[in-house]
Amino acid sequence: MTIDFEFRKQVMDYHIGSDLIKYCYQCSRCSDNCPITNVTTDFYTTTGYNPRSNILNALLGYKDAIFDADPLAIWGCTVCDTCDEVCPQNIELTEIFTLLKNQSVADGNAPEFIYSQARAIFEGGKAIPISHTGKGPIGRRREQLGLPPVADPDVYEFQTLLKNLGVDKKLK
Ligand code: SF4
Ligand code: SF4
């Protein structure tokens, strides 16, 4: 296993909220309390989503161990923040996991549903296209409740903002 020092530095720099780097001592409290680990890990084979392993590999700079693994290793996290709450070292795990997800997207290796949802947002300004206006079911229900129609987003303005951030270049 090779150490990627640049990646390791990125992880350290990204670990905000701490003047002093507080190293993980692998107590496993994050994994013990993670709801995704709970439903994906086979106790006997220890496969599945494991925030403790991700943190260890990230802090040591073992980039390959993270990015060459099953995409679940990164994308299993739902950012529920439980691990952040329970870590005795106050490591902001979810900040580091966000870095891993961003890197996965930039490398073009994120799961397809991430790109398709990002495309939907880019093209229509909504993650899940629904009809607020007109005579769709939601529009009718709003009308019955005396609510005004929801204005459609300004897609042009939205896309301009996303292009300035370079999001369009990351969409497959
Ligand atoms: S990240 Fe925190 S909770 Fe998880 S193993 Fe390391 S010290 Fe323990
Ligand atoms: S934030 Fe992610 S890694 Fe942490 S407990 Fe929730 S699902 Fe697990």
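Residues numbered from 1 in each chain as written. Chains lettered and ligands numbered in written order. Predicted model: local features only at pLDDT ≥ 70, side-chain atom pairs only at ≥ 80, totals over all residues. Heavy atoms only, no water.

Trainee: Go over the pattern of salt bridges, please, and point to the residues and values.
Mentor: Applying the stated criterion across every chain yields a total of three salt bridges. Close ionic contact of Glu112 with Arg119 constitutes a salt bridge, the shortest N to O distance being 3.0 Å. Overall, the relative accessible area of 44% leaves Glu112 in the partly exposed class. Classification of Arg119 as partly exposed rests on a relative accessible area of 23%. A salt bridge links Lys126 to Asp152; the nearest nitrogen and oxygen atoms lie 3.2 Å apart. Of this pair, Lys126 sits in the loop between helix H9 (112-124) and helix H10 (137-144) while Asp152 is found in the loop between H10 and helix H11 (155-164), placing the two residues 26 residues apart along the sequence. According to the relative accessible area criterion, Lys126 is buried, its value standing at 17%. (Salt bridge = Lys/Arg side-chain N within 4 Å of Asp/Glu carboxyl O. Buried < 20%, exposed > 50% of the residue type's maximum accessible area, 1.4 Å probe, protein only. Helix = DSSP H or I, 4+ residues; strand = E, 2+ residues; numbered from the N terminus.)

Trainee: Would you mind going over the site of ligand 1 in detail, with residue names and values included?
Mentor: Around ligand 1, the neighbouring residues are Cys24, Tyr25, Gln26, Cys27, Ser28, Arg29, Cys30, Arg52, Cys87, Pro88, Gln89 and Leu93. Partitioning the shell around ligand 1 into residue classes produces seven nonpolar, three polar and two charged. (Near = heavy atom within 4 Å. Nonpolar A, V, L, I, M, F, W, Y, C, P; charged D, E, K, R; others polar.)

Trainee: Account for the site of ligand 2, naming residues and giving values.
Mentor: Taken together, 14 residues sit near ligand 2, with Cys34, Cys77, Cys80, Asp81 and Cys83 positioned nearest. Secondary-structure elements contributing two or more residues to the shell around ligand 2 are helix H3 (35-40), helix H7 (82-86) and helix H8 (93-106). Residues belonging to the shell around ligand 2 are distributed by class as follows: 10 nonpolar, three polar and one charged.

Trainee: Describe the nonpolar core, listing the residues and the values that go with them.
Mentor: Nonpolar side chains in soluble globular proteins tend to be buried together. Within the largest apolar cluster, 26 residues are counted, with the highest numbers of intra-cluster contacts made by Val11, Ile55, Ile66, Leu93, Phe97 and Leu100. For this core, the secondary structure elements donating two or more residues are helix H1 (5-14), helix H4 (51-60), helix H5 (63-67), helix H6 (72-75) and H8. Broken down by element, this core gets its largest block of residues, six residues, from H8. (Core = buried A, V, L, I, M, F, W, Y, C linked by side-chain atoms within 4.5 Å.)

Trainee: Describe H8, listing the residues and the values that go with them.
Mentor: For H8, spanning 14 residues, the distance from its first C-alpha to its last is 20 Å, which sits close to the expected 20 Å at 1.5 Å a residue. The buried fraction of H8 is high, at 10 of 14 residues. Listed in full, the buried residues belonging to H8 are Leu93, Thr94, Ile96, Phe97, Leu99, Leu100, Lys101, Gln103, Ser104 and Val105. Just downstream of H8, Gly108 is the residue with a positive phi angle, here 75°. (Expected span 1.5 Å × (residues − 1).)

Trainee: Describe the packing of H9 against H11, and please don't skip the residues or the numbers.
Mentor: For the pair H9 and H11, interaxial distance at closest approach is 7 Å and the crossing angle is 125°. Compared by their axis directions, H9 and H11 come out oblique. The segment H9 lies against H11, with Ile121, Phe122, Glu123 and Gly124 engaging Val155, Phe158, Gln159, Leu162 and Lys163. Partitioning the contact of H9 with H11 into residue classes produces five nonpolar, two polar and two charged. (Axes fitted to C-alpha atoms, helices over the stretch in contact; angles between N-to-C directions. Parallel < 35°, antiparallel > 145°, perpendicular 65-115°, else oblique. Contact = heavy atoms within 4.5 Å.)

Trainee: Which residues make up unusual backbone geometry, and what values go with them?
Mentor: Here Val79, not a glycine, exhibits a phi torsion of approximately 55°, which is positive. Along the polypeptide, Val79 turns up in the loop between H6 and H7. Given the relative accessible area of 42%, Val79 is considered partly exposed. Look at Asn90: it is not a glycine, yet its phi comes out positive at around 55°. Here Asn90 lies in the loop between H7 and H8.

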